[in-house]
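Here is what each chain is made of, one letter per residue.
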Amino acid sequence: MAVTTLRVVLGDQLSGTLSALSDLDPTRDVVLMAEVMDECTYVPHHLKKIVLVLSAMRHFAHALAAKGVRVRYVRLDDPTNTQTLRGEVRRAVAALKPHRVVVTEPGEYRVISDMRDWTEDLEIRPDIRFVCSIADFRHWASGRTSLRMEFFYRDMRRRTGLLMTPDGEPEGDRWNFDAENRKRLPPGLPIPPVAGFPPDGLTQAVIDLVRQRFTQGFAEVDGFSFPVTAGDAETALADFIANRLPGFGDWQDAMRSNAPTLFHAVISPALNIGLLDPLQVCRSVEAAWRRGHVALNAAEGFIRQIIGWREYIRGIYWLKMPEYGALNALNATRPLPEFYWNGATKMACIRHVVGQTRRHAYAHHIQRLMVTGNFALLAGLHPDAVDEWYMAVYADAYQWAEMPNTRCMALFADGGIVGSKPYAASGAYINRMSDYCTGCAYDVKQATGPAACPFNFLYWDFIARHAERFASNVRMAMPLRNWQRMAPDRRDAIRARAAEFLAEMDAPPPL
Ligand code: DLZ
Ligand code: SF4
């Protein structure tokens, strides 16, 4: 039978509500899904991320086939596989001769540029799985001098009605309860575990394939337990709401060395490939608050991450690409130190965060922003190298989400589009929010000398390096003043230690 429409579904588009599938005719259409080396290697992905995407793709294809949909599924080890998305679309077009080809816009600029060459008359549909379309975000941004998230977030609250009173006011009379969300973790507080999903036969086959094909990838494939179906993702969400959401608000910014996930949802790997719908997730969290299961600061803090931050950074990404990918406002040029990959450093905080990232392909937002991100900012690591690292090591990383968070929020490489000041912090912040410093070879109270915490002298060195630029930023006035008031010999000692540390980091002595 003639194929009317070829519908392409990418590895992060695994949603029944996908626009490319909206008018699917199972009797005449074919869905194309392709596992390709190109997508598996454009950055050195964590092996658990590859397993997640390929296994979820296979489960999604099975679910479509069970509903009677014809699926052309190309496996990674298929000998005829061209190993590129473009090659597989062209091969399918040649074999099936469809009347038209339909796809949903991808999550990365790299892919949309390539799509334009896939085939003639490709129909690229908007991704309706987000609350705010790319066009709506452009409209919101046009004519504004400041693109701060807080105002966008309020619009999203009004638009969705989430946590709003019938009169259109924010519940609790405030839009944002973040001031209540920075508590230190009481020692010994029990942490509810994250629900795990042991591999079924399909996932095990993918694990075997990944072990066989990818010997160089970052870190461990053992212990894979992410949800790979919409059903399991729902179970993971329900588990979060029941057990960890109540503590999510208060301890959102805390870190503990033996508890990598704390009260976080850990749903981003499933959410970003389409196994959960962001609005439904928020409605479930709101319902938990309305029935009195959680406090408002927990529900609001979580909902802001999804309809506020997540939607906002996607909007910024598509508004600013491709120029965004080359921004480097602070002229950072240092290469990424090896310890970002192997965790071999005396800095306990970085060792813990890199170690858990290797094991779990996950770290929560404060670990990403205030440990690895903060160090990269202070040490002046090149945004391209840092971007590549974040893209590679986290199971939830797609460029629309990763780049604004890394390059702009963490590294301030956009010079202030996303944040009004750099998120630079000394060791005192990490000490306040974690237990890392108690097990560290460095002393968090010192800023000079061989035992000083590197975050301390690098923080002041960063302020000093960029003093001229920061002079016009009122939010940087206080640290600048503190630096300028410091005794000259102390300033010299701090800068000398920073130079020595960075030189050793750039050229580590042979092992
Ligand atoms: C991340 C990823 C990986 C590892 N593999 C595939 C794949 O084999 N086939 C596929 O269609 N998609 C894969 N993906 C997800 C894509 O990289 C993603 O769709 C683009 O980056 C656009 O967001
Ligand atoms: Fe990190 Fe400094 Fe604390 Fe060590 S002392 S864990 S390097 S913040």
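Along each chain, numbering runs from 1 in the same order as the chain's sequence is written. Both sets of labels track the order of writing: A upward for chains, 1 upward for ligands. The predicted origin of the model limits local features to residues at a pLDDT of at least 70 and limits the giving and counting of side-chain atom pairs to 80 or more, whereas totals for whole chains, interfaces and linings rest on all residues. Only heavy atoms go into the side-chain values, all of them from the structure, while hydrogens and water stay out.

Some details on the nonpolar core
Throughout this description, the term nonpolar core refers to a set of buried Ala, Val, Leu, Ile, Met, Phe, Trp, Tyr and Cys residues connected via side-chain atoms within 4.5 Å. Note on exposure labels: buried denotes an accessible area under 20% of the residue type's maximum, exposed denotes more than 50%, and partly exposed covers the range between, all computed with a 1.4 Å probe on protein chains only. With 155 residues, the main nonpolar core has Leu 245, Phe 302, Tyr 312 and Phe 375 as its most contacted residues. In this text, helices come from DSSP runs of H or I with a minimum length of four residues, and strands from runs of E with a minimum of two, each type numbered from the N-terminal end. At 13 residues, the largest contribution of residues to this core is made by helix H12 (residues 296-320). In this analysis, two residues are considered to be in contact whenever any of their non-hydrogen atoms come within 4.5 Å of each other. Beyond its immediate chain neighbours, meaning those up to four positions away, Phe 375 contacts Phe 339, Tyr 340, Met 347, Ile 350, Phe 455, Leu 458, Phe 501 and Met 505. Core analysis: the next-biggest nonpolar cluster, separate from the first, contains 18 residues, Val 8, Ala 92, Val 111 and Trp 118 among them.

Comments concerning the packing of helix H6 (residues 149-160) against H12
The axes are straight lines fitted to the C-alpha atoms, using for helices just the contacting stretch, and the angles between their N-to-C directions are given from 0 to 180°. Taken N-terminus to C-terminus, the directions of H6 and H12 make an angle of 110°; their axes are 9 Å apart at the nearest point. With respect to H12, the axis of H6 lies roughly perpendicular. Contact residues: Met 149, Glu 150, Phe 152, Tyr 153, Met 156, Arg 157 and Thr 160 in H6; Glu 300, Arg 304, Ile 307, Gly 308, Trp 309, Glu 311 and Tyr 312 in H12. In this classification, the charged set is Asp, Glu, Lys and Arg, the nonpolar set is Ala, Val, Leu, Ile, Met, Phe, Trp, Tyr, Cys and Pro, and all remaining amino acids, among them Gly, are polar. Its residues assigned to classes, the contact of H6 with H12 shows 7 nonpolar, 2 polar and 5 charged. Here the angle decides the label: under 35 degrees means roughly parallel, over 145 means roughly antiparallel, 65 to 115 means roughly perpendicular, and every other value means oblique.

With respect to the site of ligand 2
Residues in contact with ligand 2, as listed here, are Met 347, Cys 349, Gly 427, Ile 430, Tyr 436, Cys 437, Cys 440, Tyr 442, Val 444, Cys 453 and Phe 455. Tallied by class, residues from the shell around ligand 2 come to 10 nonpolar, 1 polar and no charged. To be near a molecule or strand, a residue needs just one of its heavy atoms within 4 Å of it.

With respect to the site of ligand 1
Near ligand 1 you find 19 residues, and of these Gly 11, Asp 12, Ala 34, Val 36 and Glu 39 are the closest. Two N or O atoms form a polar contact when they lie within 3.5 Å of each other; inside protein one atom must be a possible hydrogen donor and the other a possible acceptor, and for residues adjacent in sequence the pair counts only when both atoms belong to side chains. One of the backbone N or O atoms of Ala 34 is found 2.8 Å from a nitrogen atom in ligand 1. One nitrogen or oxygen atom from the side chain of Arg 110 is found 3.2 Å from an oxygen atom belonging to ligand 1. Burial of ligand 1 by the protein amounts to 100% of the accessible area it has alone, namely 490 Å². Elements supplying a minimum of two residues to the shell around ligand 1: helix H1 (37-41), helix H2 (47-66) and helix H4 (109-115). Surface accessibility in these figures is a Shrake-Rupley result with a 1.4 Å probe; residues are shielded only by whichever protein chains are displayed.

Considering the domain arrangement of the protein chain
Delimitation of the domains relies on an automatic or database domain assignment. As far as domains go, the protein chain holds domain 1 (5-125), domain 2 (134-194 + 244-320) and domain 3 (339-506). If you average the C-alpha positions of domain 1 and of domain 3, the two centres end up 39 Å apart. Between domain 1 and domain 3, a total of about 1100 Å² is buried, with carbon and sulfur atoms accounting for 57% of that surface. The salt bridge definition used is simple: a Lys or Arg side-chain nitrogen within 4 Å of an Asp or Glu carboxyl oxygen. There are 0 salt bridges connecting domain 1 and domain 3. Across the contact surface, domain 1 and domain 3 share 8 residue pairs in polar contact (both at pLDDT 80 or more). Looking at the side of domain 1 that touches domain 3 element by element, the count peaks at 4 residues for H2. Buried area: the sum, over both parts, of the accessible surface (1.4 Å probe) that disappears when the two are put together.

Remarks on helix H7 (residues 201-213)
A helix is expected to span 1.5 Å for every residue after the first. If you check H7, its first and last C-alpha atoms are 18 Å apart, about what 13 residues at 1.5 Å a residue would give, namely 18 Å. Within H7, burial applies to Thr 203, Val 206, Ile 207, Leu 209 and Val 210. Seen from one end, H7 has its buried residues packed into an arc of 165°, which puts them on one side. Seen from the open side of H7, the exposed residues pointing more than 90 degrees away from its buried face are Gly 201 and Gln 212. Note that the arc is computed from the directions linking the helix axis to the C-beta atoms.

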